[in-house]
Amino acid sequence: MKGKGKTKKTGRGTLRHYVKAHWQLYLMILPPLIMLLIFSYAPMYGLLMAFKNYRVIDGVWGSPWAAHFGMDNFIRFFENYNFMESLRNTLVISLYTLVVNTPCSIILALSLNYAKNVKFKKFVQMVTYSPYFISTIVFVGILNSIFDVRVGAIGSFVYNHFGLNILGTPELFSSVYVWSGVWQTVGYGAIIYIAALAGVDMEQHEAAIIDGATLLQRIRYVDLPAIMPTAVIMLILETGRILNMGYEKILAMQNQNNLSMSEVIPTYAYKVSLVSSFPDYSYATAIGLFQSAVGLIMILLSNAIAKKMTGDGFI
């Protein structure tokens, strides 16, 4: 019994000694932990608005509960004529982005990994990374300048020869959004895959070369399996954001002509909460909570599918 008591005391003493010896590390953790609590967990209190008829003068807790056991705001959203249209547009744009972005980033990373000219490699990296640091509004302004039907280099040519207004055609909105997004983010997205390729054992490549493998065979049988766990994790993260896409770019690209294909759930929630003459914060909160719930379900499903197919995942 005495021995057990000494072991416990030693364990506590060891923990205290460790914290005291590495207090700098715990001090470094403190600022992000405080930010996480303030900006991520504290705002969760506001989710109560989704189940209430929020009134500013009553506050979140003092506002009356919504009808139908607090589900009235969700029922209104599901029955709204904008629901199916915004949900369809959100899913189309999100899945389109998901299918295009990851392969493009992997292809760029593989191309740069095998580039022999160092100067050319650095130049391509600089050119592909640069658009990521352009602000969204400036980037959309560049798109408007390129596709403008009067003075745009591409837009005027297409309009004069084919009578097509690229930015004003609803069917083209998702393609313009996704491929302009590839232009803006493919270089930045390739960074993580370049880092993963740097960890590939060169002995595997040497063995493949000795066995007579071509470049494409080396990519297929050596490089792709090495970066597959990273790709799966990134795909799971992107799937979780399938309904929570950033609305700033879409909102900036919207116009009356393409509204039927550009109205997504985030822009609709923004309009009913902040732009409307009679803002409905409870309704907008319910929409946001619906987005988050679907995102969580998609993360769990994609993680389960990824683990079953590849053995890689979060949990």
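For the structure itself, consult the block above.
Conventions we followed
- Residues numbered from 1 in each chain as written.
- Predicted model: local features only at pLDDT ≥ 70, side-chain atom pairs only at ≥ 80, totals over all residues.
- Heavy atoms only, no water.
- Helix = DSSP H or I, 4+ residues; strand = E, 2+ residues; numbered from the N terminus.
- Buried < 20%, exposed > 50% of the residue type's maximum accessible area, 1.4 Å probe, protein only.
- Phe/Tyr/Trp six-rings, centres within 6.5 Å; stacked < 30°, edge-to-face > 60°.
- Axes fitted to C-alpha atoms, helices over the stretch in contact; angles between N-to-C directions.
- Parallel < 35°, antiparallel > 145°, perpendicular 65-115°, else oblique.
- Left-handed = near helix turned anticlockwise from the far one by under 90°.
- Contact = heavy atoms within 4.5 Å.
- Nonpolar A, V, L, I, M, F, W, Y, C, P; charged D, E, K, R; others polar.
- Core = buried A, V, L, I, M, F, W, Y, C linked by side-chain atoms within 4.5 Å.
- Polar contact = N/O pair within 3.5 Å; in protein donor to acceptor, adjacent residues only side chain to side chain.

(A) Here's a closer look at unusual backbone geometry. For H68, which is not glycine, the phi torsion reads 55 degrees and is therefore positive. Its location among the elements puts H68 in the loop between α3 (59–62) and α4 (72–79). A positive phi angle, near 60 degrees, is found at F69, a position not held by glycine. Considering the arrangement of structural elements, one finds F69 in the loop between α3 and α4. Assessed through its relative accessible area of 88%, F69 is described here as exposed.

(B) Spotlight on the packing of aromatic side chains. This structure, assessed with the given rule, holds 15 aromatic pairs. Ring centres 5.3 Å apart and planes at 65 degrees place the aromatic pair F78 and F83 in the edge-to-face group. Judged by its relative accessible area of 40%, F78 falls in the partly exposed class. A relative accessible area of 9% means that F83 is categorised as buried. Relative to Y188, the ring of Y132 has its centre 3.9 Å away and its plane inclined at 0 degrees; by these criteria the two rings are stacked. Linking Y132 in the loop between α6 (118–129) and α7 (136–147) with Y188 in helix α9 (residues 170–198), this pair joins segments that are 56 residues apart in sequence. Using a relative accessible area of 34% as the deciding quantity, one classes Y132 as partly exposed. One aromatic cluster in this structure is built from F77, F78, F83, Y268, Y283 and F290.

(C) Representation of the packing of helix α10 (residues 202–210) against helix α11 (residues 215–240) within the structure. The geometry of α10 relative to α11 is characterised by a closest axis approach of 10 Å and an angle of 150 degrees between their N-to-C directions. Regarding the angle of α10 to α11, the classification is roughly antiparallel. As for the relative orientation of α10 and α11, their crossing is right-handed in sense. Where α10 abuts α11, its residues Q204, H205, A208 and I209 lie against R218, V222 and D223. Here the residues of the contact of α10 with α11 are counted per class, giving 3 nonpolar, 2 polar and 2 charged.

(D) Region of the structure containing the nonpolar core. Counting residues in hydrophobic clusters, the biggest one holds 35 residues, and the most contacted among them are Y177 and M253. Broken down by element, this core gets its largest block of residues, 11 residues, from α9. If you look at the next biggest cluster of nonpolar residues, it comprises 11 residues, including F77, F83, Y268 and Y283.

(E) Spatial organisation of the packing of helix α5 (residues 81–113) against α11. Remark: α5 packs on α11, axes separated minimally by 11 Å, with the N-to-C direction vectors making an angle of 145 degrees. Viewed along their axes, α5 and α11 form a crossing whose handedness is right-handed. Contacts between α5 and α11 involve L98, T102, I106 and L110 from the first element and I219, D223, L224, I227, A231, L235, E238 and T239 from the second. For the contact of α5 with α11, the residue count by class is 8 nonpolar, 2 polar and 2 charged.

(F) Seen up close, the side chain of S86. Here S86 is to be found in helix α5. Note on S86: relative accessible area 1%, which makes it buried. Among the polar contacts listed, one links the side chain of S86 to the backbone oxygen of N82, at a separation of 2.7 Å. Once residues lying within four places of it in the same chain are set aside, the contact partners of S86 are E263, V264 and I265.

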